[in-house]
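Overview (structure and organization)
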Amino acid sequence: MSVAGAVRAVTTLRLTEMKQRGEKIAMLTSYDYSTAKIVDAAGIDVILVGDSAANVMAGYETTLPITLDMMIYHARSVVRGVNRALVVVDLPFGTYQGNSKVALDSAIRIMKETEADAVKIEGGEEILESVQRIISAGIPVMGHLGLTPQSIHKFGTYSVRAKEEAEAEKLIHDARLLQEAGCFAVVLEKIPATLAKRVTEELSIPTIGIGAGGATDGQVLVVHDMLGITNDFSPRFLRRYADLHGVMSEAISNYVSDVKAKDFPNEKEQY
Ligand code: KIV
């Protein structure tokens, strides 16, 4: 468990050094203490308390319903399990778009109440003032461009973003602005690999890709997807490293059978 207020081993500066050395950055989401403890001990560099918690923890269709209080609950639980990784927390929908003062207040609540290391915000030029204000308060910000799930009702689809020249140029422009504003890294979600490579080569801050090809400085996946806890989401970019859905289903149905058959508990499993 980390000491309250301690600086964890992976810092934003270390991520920049990793980019300079050509060492890839490994990032995964976590939303609870037990998973974060395993993820951290396995050597992950960055843990994202993503608003994807709305989907995989709470069962919502989109990420829009999750609240700041819910994100703070998840982030606090994660931080208690982490010693080494940098912990980044998503600012949820509605907590930064209004104006930069609202954004700063939301980011301050996350930093004060969770002891995480940084926040992540979706968007480019349109939220730049909020990014600047949060950074000026000493809070590190990770950007997020490309597919931005909080804007799903604007786009109407989760398909690949920035395939057209105009959208690709806007994304490059936004990436430059986020770097100039002082973001320490930027997530690039579901964009063509060639565009992600171009952005990665142009920026001095690290890019972390999800469905953005192999040229980005790091990769991120939702932990429930890569462990195969979810089995109804299979985009091309997702590599499943385990079938926990299968493992858990079999274990639980064996338990049910044992209880029904009066085989559990046996004599050695009682007092
Ligand atoms: O919320 C999340 O899990 C994310 C990642 C997909 C980058 O933002």
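Residues numbered from 1 in each chain as written. Predicted model: local features only at pLDDT ≥ 70, side-chain atom pairs only at ≥ 80, totals over all residues. Heavy atoms only, no water.

This part takes up unusual backbone geometry. Each neighbour pair has its own omega, and for Phe-264 with Pro-265 the value is -5 degrees, a cis peptide bond. Tracing the backbone through its elements, the reader meets Pro-265 in the segment after helix H11 (244–260). Residue Ala-162 is not a glycine yet carries a positive backbone phi of 60 degrees. Of the residues examined, Ala-162 reaches a relative accessible area of 3% and is grouped as buried. In this structure, Lys-262 is a non-glycine residue whose phi angle is positive, near 60 degrees. Structurally, Lys-262 can be placed in the segment after H11. We classify Lys-262 as exposed; its relative accessible area is 77%. (Helix = DSSP H or I, 4+ residues; strand = E, 2+ residues; numbered from the N terminus. Buried < 20%, exposed > 50% of the residue type's maximum accessible area, 1.4 Å probe, protein only.)

So, on to the site of the ligand. Every residue close to the ligand is listed here: Thr-29, Leu-48, Gly-50, Asp-51, Ser-52, Asp-90, Lys-120, His-144, Ile-210 and Val-222. Contact with the protein chains removes 94% of the 260 Å² of surface that the ligand exposes when unbound. Here the residues of the shell around the ligand sort into three nonpolar, four polar and three charged. (Near = heavy atom within 4 Å. Areas by Shrake-Rupley, 256 points an atom, 1.4 Å probe, with all protein chains shown as cover. Nonpolar A, V, L, I, M, F, W, Y, C, P; charged D, E, K, R; others polar.)

This next bit is on the nonpolar core. Grouped together as the largest cluster of nonpolar side chains are 58 residues, with contacts concentrated most on Ile-134 and Leu-188. With seven residues, the top contributor of residues to this core is helix H8 (residues 165–181). Core analysis: the next-biggest nonpolar cluster, separate from the first, contains 17 residues, Val-10, Leu-15, Leu-48 and Ala-118 among them. (Core = buried A, V, L, I, M, F, W, Y, C linked by side-chain atoms within 4.5 Å.)

Functional significance is not addressed by these values, which are geometric in nature.
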